[in-house]
Amino acid sequence: MKIGFIGLGNMGGPMAANLVKAGHDVTGFDTASVAIEGVSMAASAAEAAKGAEVVITMLPNGAILRKVAEGVIPAMDKGAALVDCSTVDVDSARAVAEQAEAAGLLAVDAPVSGGVGGAAAGTLTFMAGGSDAAFAKAKPLFDVMGQKAVHCGASGAGQAAKICNNMILGVTMIATCEAFALADKLGLDRQKMFDVVSTSSGYSWTMNAYCPAPGVGPKSPADNDYKPGFAADLMLKDLRLSQQAAESADADTPMGALAQALYAQFVEQEDGKGMDFSAMLPRFEKRGRNG
Ligand code: NAD
């Protein structure tokens, strides 16, 4: 398939490389100078999109996506698909899909989970929003870049699924970390805490699969000085998107709002920038009841 790929950063680069390895013809564009083996680079996003059956975008945020889409949509052939894999706000995802459909294109919002490791290994999970025809067109490419693709509903549904999942993840990570810090102060051994909680009703992915306590549970970023993994900055981005969506949909999300405030404090005022999101545990460890 002839594919245009716009945004070849930490995620987009390895995703494009996997498409090349699977035999697809990939033309890329990025504002930074990047080189990916087998990807021919175009001079603009519109040039990368020209003649492509599918154009994939993997960009930092909704404002950039909207800008890139403005240039790309008029360059694409009718019937081609615009597949945005970035994590962006639901409103931007829907606006871009509307523009694409008005121009006779298929559109899919398909944010991913699985991080840089999943992008390199081709094991991402795609959460997709768009028409059946649009999803069907993109599905063979999701199968190359990932191990699972869920068609969540109409345009925006992929982004909705992503931010709801990550809101649960952020809240749960904080709950797990504050409980470990409390256990420490109560003199409870961390391994014993893990043994009990991981097999009791407090279990969660953050406890069982991504334990924030070093040396406890399966290997996780906690065992690597809290190097990401999934960076606290990216968790903050996703929590902000969840609260933006909650605001625009008039949904009451007090735990999500508090998680956003705590990650904002951690990343912007404390030492959380560049750390894994599970580094909330050493943060709580250092604190007392009044900060
Ligand atoms: P990144 O910053 O490494 O890559 C973004 C790329 O887009 C950069 O190479 C940048 O130069 C390029 N870019 C910016 N503006 C552009 C423009 N106008 N035209 C063309 N290229 C442009 O970020 P990333 O880690 O690859 O993340 C990409 C997206 O995936 C984000 O929306 C992020 O939230 C999401 N995501 C990231 C992870 C992760 O673990 N890194 C996990 C899941 C989802």
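Reading the values: rules and limits
Residues numbered from 1 in each chain as written. Predicted model: local features only at pLDDT ≥ 70, side-chain atom pairs only at ≥ 80, totals over all residues. Heavy atoms only, no water. Helix = DSSP H or I, 4+ residues; strand = E, 2+ residues; numbered from the N terminus. Buried < 20%, exposed > 50% of the residue type's maximum accessible area, 1.4 Å probe, protein only. Contact = heavy atoms within 4.5 Å. Polar contact = N/O pair within 3.5 Å; in protein donor to acceptor, adjacent residues only side chain to side chain. Phe/Tyr/Trp six-rings, centres within 6.5 Å; stacked < 30°, edge-to-face > 60°. Lys NZ or Arg CZ within 6 Å of the ring centre and 35° of its normal. UniProt positions renumbered as here; feature names shortened; annotations may be inferred.

**Some words on the environment of Leu241**
Part 1: Inspection of the secondary structure assignment puts Leu241 in helix H10 (residues 232-249).
Part 2: A relative accessible area of 9% means that Leu241 is categorised as buried.
Part 3: Taking the C-alpha atoms as reference points, Leu241 and Gln159, separated by 82 residues in sequence, lie 9.4 Å from one another.
Part 4: Discounting chain neighbours no more than four positions away, the residues touching Leu241 are Thr87, Val88, Asp89 and Ile163.

**Brief notes about the side chain of Ser278**
Part 1: Tracing the backbone shows Ser278 in the loop between helix H11 (254-268) and helix H12 (280-286).
Part 2: Ser278 gets classed as buried once you look at its relative accessible area, which sits at 0%.
Part 3: In terms of polar contacts, Ser278 uses its side chain to reach the side chain of Asp276, at 2.6 Å.

**With respect to the packing of aromatic side chains**
Two aromatic rings, taken as a pair, are described by how far apart their centres are and by the angle between their planes.
Part 1: Tallied over the entire structure, the rule returns five aromatic pairs.
Part 2: Relative to Phe142, the ring of Phe126 has its centre 4.5 Å away and its plane inclined at 25°; by these criteria the two rings are stacked. Here Phe126 is found in strand S8 (residues 124-130), whereas its partner Phe142 is found in helix H6 (residues 132-145), with 16 residues between them in sequence. For the residue pair Phe126 and Phe142, the accessibility class agrees, reading buried in each case.
Part 3: Measuring from centroid to centroid gives 6.1 Å for Phe135 and Phe142, while their planes differ by 45°, and the two rings are tilted.
Part 4: Accessibility expressed as a relative area gives 13% for Phe135, which makes it buried.
Part 5: Put simply, the rings of Trp205, Tyr210, Phe230 and Phe277 touch in pairs and so form one group of aromatic residues.
Part 6: Lying over the aromatic face of Phe284, Arg283 brings its terminal NZ or CZ to 5.2 Å of the ring centre.

**Notes on the UniProt feature "domain: 6-phosphogluconate dehydrogenase NADP-binding" (unreviewed entry) in the protein chain**
Part 1: The feature "domain: 6-phosphogluconate dehydrogenase NADP-binding" (unreviewed entry), as annotated in UniProt, sits at residues 2-153 in this numbering.
Part 2: The span residues 2-153 carries 39% helix and 27% strand; its end-to-end C-alpha distance comes to 26 Å.

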